[in-house]
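Below, each chain spelled out in residue letters.
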Amino acid sequence: MGRKILLIEDDKETASYLVRGLGEEGHGVEHVADGRDGLFRATDGSFDLVILDRMVPGLDGLGLLKAMRAAKVETPVLILSALASVTDRIEGLESGSDDYLVKPFSFGELLARVNALLRRGEGKSAPDLRILVGDLEIEPLSRVVKRAGKVIDLKPREYRLLEYLARNEGRVVTRTMLLEQVWDYHFDPGTNVIDVHVSRLRRKLEEGFERPILHTVRGAGYRLAATA
Amino acid sequence: MRLPTTLRVGLLAALLAFLSSAALIGFIHWRTYDDSVDAVHQQVVEQASALDDVYSSGGRRALDKAMADTLAAGDPQLLVAIFAANGAPRIGNVGALLNPPVKLRSGYRVGRVRRRDTAATTGAAYLLRHLDDGEWLLTGRSLGERLQFQRILEGSLGLALAISVLLGLLCGLIIARYVGSRVADMADVADRIAGGDLAQRVPLSGSRDSFDGLAQQINRMLDRMAALMEELRLLTDSLAHDLRSPVGRLRARVEAALAAEDEKRRDVLLAGVLQEADSLMRILTTVLEIGRSEAMASRKQFAPLDPEGLIDELAEMYEPIAEEAGCALTVEAESGLPIFTGHRQLVAQTLSNLLDNALHYARQGREVVLFARVRDGRLRLGVADRGPGIAPADQAEARRRFGRLDSSRSTGGAGLGLALAEAVAHLHGGELELVDNAPGLRAVLVLPLAPPSPTVAVRA
């Protein structure tokens with residue numbers, strides 16, 4: 001289902017690339033190149049997501065974000081920025097954005113994050129008492145995980161990893177998203193840390209079962225789904 | 001612009017000398033002044049006007065008689081006399097005006113006179129008046145010693161004030177010239193540095209005064225700046241050099257992909273291109289991270305951190321990696337470690353880099369230890385491995401950005417890990433220790449427990 005996205009970005013090439021790419025995914029993208037126009041459009045509240053370049057002419061991106069939040073516009077915001085240091089990223093997140101992506105980025109990474117933010121904006125206010133993915137059953141309150149009725153014993157971090165994947169059921173989740181959301185680390189640990197953890201989780205979930213449930217999406221990340 | 005400064009200082013000193021002397025002199029005057037001089041002036045004027053009246057109503061004859069009467073009254077202070085036009089005394093008790101010999105001139109005056117009756121000289125206040133026939137009438141009163149002293153004092157005080165202003169001006173000019181020449185030395189150096197000669201340093205006078213102190217501080221600052229410039233130059237050089245190989249690989253893969261006939265082969269090559277691009281981005285991000293840390297820009301994100309929680313988290317993250325690498329990762333955390341103030345992301349990133357290195361270099365089956373302890377009031381967070389280690393001679397090279405060690409430790413990475421670790425240590429006001437683990441390497445972040453001061457730490 002297509003959603004309405006406001007793109008505030010002054011770089012024409014990036015903007016047209018995003019408008020085209022997100023359009024192909026079925027989203028309606030409105031593009032403005034100036035911070036003041038962006039703030040004006042964002043405050044009318046009809047968007048499901050705002051993608052904001054941190055350095056747009058007219059109004060500084062973080063300033064725009066603060067003004068938006070001050071006007072009680074709670075639309076999820078994804079910041080795009082060439083400011084890549086950990087400090088910059090933390091500053092961006094602490095100023096009220098929901099996600100921060102450093103330029104240059106892969107479209108797959110952006111899309112995965114956009115989808116995760118749109119899902120979060122779907123208005124699931126009450127926490128799920130039970131998440132079902134095929135024959136996999138997760139109870140967030142007791143943190144009990146069962147597959148086909150058989151209890152699977154997970155370590156706390158493995159549970160959080162699984163819960164995050166399950167809440168994004170059917171959608172691609174990238175390695176950096178897992179690192180940020182599950183570990184709260186905003187740096188690149190270099191080695192294949194995430195891959196090793198995911199494959200451990202996969203072993204626990206799939207051992208003794210025929211159908212795979214935790215899929216690797218080549219060049220993008222992982223997807224938890226009952227069907228490939 | 002320097003001369004006016006000298007002049008200004010001189011004038012300021014003169015003004016200060018004037019003000020302080022004036023205050024002092026005013027005080028002396030106030031303590032010694034006595035209005036009897038004024039009273040004498042008054043008496044003299046009254047006396048003179050009485051004789052004037054006699055003269056204008058009765059003429060010279062009546063004046064003579066009045067003078068004789070007055071003298072006969074026997075007032076010892078009273079002075080009256082008539083002089084001829086050439087100054088010779090005619091009648092009365094004053095013989096001559098002295099000290100210096102005064103020409104006859106009308107008006108009130110204070111000076112010395114010789115008495116005709118006793119032939120003694122005395123200080124006197126007197127009034128001279130021209131009579132119609134060319135003669136002069138003197139009326140006055142002799143002054144006591146105290147009054148005379150007071151007159152002298154008043155004169156001296158005025159003179160002293162003038163001298164003090166002159167001396168003040170002189171001192172001011174001398175001080176200004178001295179200060180000016182010391183400052184001019186520094187200004188010269190600054191000029192020459194601005195002109196591009198960064199090797200210039202402010203000369204010291206050797207007197208260890210505050211000017212020398214200032215000069216030393218400026219020189220230290222210049223040394224630090226020169227070191228940073230040198231570091232920056234090295235970094236730029238090595239960045240330009242070290243980016244050549246990944247960019248070269250990138251280029252080669254793109255070329256190969258363009259030439260590939262087979263679609264599957266092209267996809268594989270393009271995936272490699274992506275990988276190379278990502279690794280380039282990682283290098284750039286790390287260089288940026290080091291720069292930000294060295295510039296102390298990240299201190300505003302400092303927060304209280306629990307060292308034990310921090311290393312437990314990392315151990316949990318790396319435990320499966322260690323297992324795959326066939327190493328045993330153990331955690332050694334002292335109990336009751338204190339909370340410290342730091343940047344969670346950067347400290348975690350540093351330790352994760354150190355762990356990554358250690359697991360990379362540790363030999364199969366050997367152990368890697370992640371530890372946290374307190375020694376000498378400083379928190380020591382680090383990783384110990386049983387790999388080949390770093391020889392003491394190679395340590396400086398290992399810490400350098402893009403520093404590459406030959407043989408054992410140059411297999412992977414862009415040589416930024418330890419440089420980042422050192423930058424993060426400095427950001428926290430601490431240091432990175434590289435110690436022989438006999439065998440292997442102990443890389444330790446040594447961090448002060450008290451939060452670092454907000455001022456930028458200057459490292460020599």
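Residues numbered from 1 in each chain as written. Chains lettered and ligands numbered in written order. Predicted model: local features only at pLDDT ≥ 70, side-chain atom pairs only at ≥ 80, totals over all residues.

A. Fine view of the overall build of chain B. Secondary structure assignment for chain B yields 10 helices and 13 strands. Counting every position in chain B, which comprises 460 residues, the buried fraction comes to 27%. The long-range share in chain B, meaning contacts at least 24 apart out of those at least 6 apart in sequence, stands at 60%. (Helix = DSSP H or I, 4+ residues; strand = E, 2+ residues; numbered from the N terminus. Buried ≥ 20, exposed ≤ 12 C-beta atoms within 10 Å, placed from the backbone. Contact = placed C-beta atoms within 7 Å.)

B. View of the overall build of chain A. When its secondary structure is counted, chain A shows eight helices and 12 strands. Residues counted as buried form 37% of the 228 residues belonging to chain A. Pairs at least 24 apart in sequence give 57% of the contacts found in chain A among residues at least 6 apart.

C. Examining the sheet that holds strand β2 (residues 28-32) of chain A more closely. Residues and elements named next belong to chain A. Here five strands make up an open sheet; going across it, the order is β2-β1-β3-β4-β5 and the pairing parallel. What marks the edges here is a single partner per strand, and that holds for β2 and β5 (99-102). Averaged over all adjacent pairs, the angle separating strand axes in this sheet is 20°, with direction ignored. By the bridge criterion, five bridges tie strand β1 (residues 4-8) to β2 in an arrangement that is parallel. (Pairing = 2+ DSSP bridges. Axes fitted to C-alpha atoms, helices over the stretch in contact; angles between N-to-C directions.)

D. Representation of the interface of chain B and chain A. Contacts between chain B and chain A engage 21 residues on the former and 19 residues on the latter. Mapped by element, the contributors of at least two residues to the side of chain B that touches chain A are α6 (263-294), α7 (307-325) and α8 (344-361) of chain B. The biggest single contributor to the side of chain B that touches chain A is α8(B), with seven residues. For the side of chain B that touches chain A, the residue count by class is eight nonpolar, seven polar and six charged. (Nonpolar A, V, L, I, M, F, W, Y, C, P; charged D, E, K, R; others polar.)

E. Broad picture of the confidence of the model for chain B. All names here are of chain B. Summary statistics for chain B give a mean pLDDT of 82 and a share of 92% for residues scoring 70 or more. In this model residues 405-412 is a low-confidence stretch, pLDDT under 50, and it forms 11 contacts with partners more than four residues away in sequence or in other chains. Both confidence scores are given for the complex: pTM 0.65, ipTM 0.87. (pLDDT = per-residue confidence, 0-100.)

F. Geometry of the sheet that holds strand β10 (residues 173-174) of chain A. Residues and elements named next belong to chain A. Strands sit in the order β10-β12-β11 across an open sheet of three strands; the sheet is antiparallel. Both outer strands of the open sheet, β10 and β11 (214-217), are each paired with one neighbouring strand and no more. Bridge analysis of β10 against strand β12 (residues 221-224) gives two bridges, and the strand direction is antiparallel. Bridged to T174 within β12 is G221.

G. Looking closely at the pairing of strand β11 (residues 378-384) of chain B. Residues and elements named next belong to chain B. Taking burial as the measure, the seven residues of β11 include five buried ones, the bulk of the element. With seven bridges joining them, strand β10 (residues 367-375) and β11 adopt antiparallel strand pairing. When the bridges of β11 are listed, V374 appears paired with L379. Hairpin connection of β10 to β11: two residues between the antiparallel strands, including D376 at a positive phi of 55°. Sheet topology places β11 next to strand β13 (residues 441-448); seven bridges connect them, and they run antiparallel. Within β13, the residue paired with L379 across the bridge is L447.

H. Seen up close, the environment of B:R115. Residue and element names in this part refer to chain B. Residue position: R115 is located in strand β4 (residues 107-115). Accessibility expressed as a C-beta count within 10 Å gives 18 for R115, which makes it partly exposed. A sequence separation of 27 residues divides R115 from S142, and the C-alpha atoms of the two residues are 9.6 Å apart. In this view, R115 contacts N93, V94, G95, A120 and T122; residues no more than four positions away in its chain are not counted.

I. Helix α7 (residues 175-182) of chain A, seen in detail. Residues and elements named next belong to chain A. Taken together, the buried positions of α7 are T176, M177, L178 and V182. On the buried face of α7, the contacting elements are α5 (107-120), α6 (156-167), β10 and α8 (193-206). Positive phi shows up at D184, right after α7, with a value of about 60°.

J. Region of the structure containing the packing of α7(B) against α8(B). Residue and element names in this part refer to chain B. It is the contact of α7 with α8, at a shortest axis distance of 11 Å, that shows an interaxial angle of 25°. Our classification of the angle between α7 and α8 gives roughly parallel. For α7 against α8, the interelement crossing comes out right-handed. From α7, L310, I311, L314, Y318, I321, A322 and A325 reach across to α8, where they touch V347, A348, L351, S352, L355 and L359. A per-class count over the contact of α7 with α8 returns 12 nonpolar, one polar and no charged. (Parallel < 35°, antiparallel > 145°, perpendicular 65-115°, else oblique. Left-handed = near helix turned anticlockwise from the far one by under 90°.)

K. The arrangement of the pairing of strand β4 (residues 77-81) of chain A in detail. Residue and element names in this part refer to chain A. Most of β4 is tucked away, with five of its five residues classed as buried. The parallel pair strand β3 (residues 49-53) and β4, bridged by helix α3 (residues 61-70), forms a crossover whose chirality is right-handed. Across four bridges, β4 lies against β5 in parallel orientation. Residue pairing in the sheet places L80 in a bridge with L101 of β5. (Right-handed = clockwise from strand over helix to strand, strands pointing away.)

L. Region of the structure containing the packing of α6(A) against α8(A). Residue and element names in this part refer to chain A. As a packed pair, α6 and α8 sit with axes 10 Å apart at the nearest point and diverge in direction by 85°. The orientation of α6 relative to α8 falls into the category roughly perpendicular. Residues E158, L161 and L162 of α6 lie in contact with α8, whose contacting residues are H197, R200 and L201. The residue inventory of the contact of α6 with α8, partitioned by class, reads three nonpolar, one polar and two charged.

M. Local environment of α5(A). If you check α5(A), its first and last C-alpha atoms are 20 Å apart, about what 14 residues at 1.5 Å a residue would give, namely 20 Å. All of the buried residues in α5(A) are A:L110, A:L111, A:A112, A:R113, A:V114, A:A116 and A:L117. (Expected span 1.5 Å × (residues − 1).)

N. Focus on the confidence of the model for chain A. Per-residue confidence for chain A gives a mean pLDDT of 90; residues scoring 70 or more make up 96%. For chain A, per-element mean pLDDT is lowest for helix α4 (residues 86-94) of chain A, which scores 88, and highest for β1(A), which scores 95.

O. Highlighting the environment of A:S142. Within the secondary structure layout, A:S142 lies in the loop between β7 (136-139) and β8 (144-147). Between the C-alpha atom of A:S142 and that of A:R130, which follows or precedes it by 12 residues, the distance is 10.0 Å.

P. Local environment of unusual backbone geometry. At the junction of A:K103 and A:P104, the peptide bond is cis and its omega measures out at -5° in the coordinates. Inspection of the secondary structure puts A:P104 in the loop between β5 and α5. The peptide bond linking B:A438 to B:P439 adopts the cis configuration, its omega dihedral lying at -5°. One can find B:P439 in the loop between β12 (431-436) and β13. Phi is positive for A:R143, close to 60°, though the residue is something other than glycine. The residue A:R143 is located in the loop between β7 and β8 in this model. On the basis of neighbour counts, which here come to 13 C-beta atoms within 10 Å, the residue A:R143 falls in the partly exposed class. Although it is not a glycine, B:A438 sits at a positive phi angle of roughly 45°. Following the sequence through the fold, B:A438 ends up in the loop between β12 and β13.

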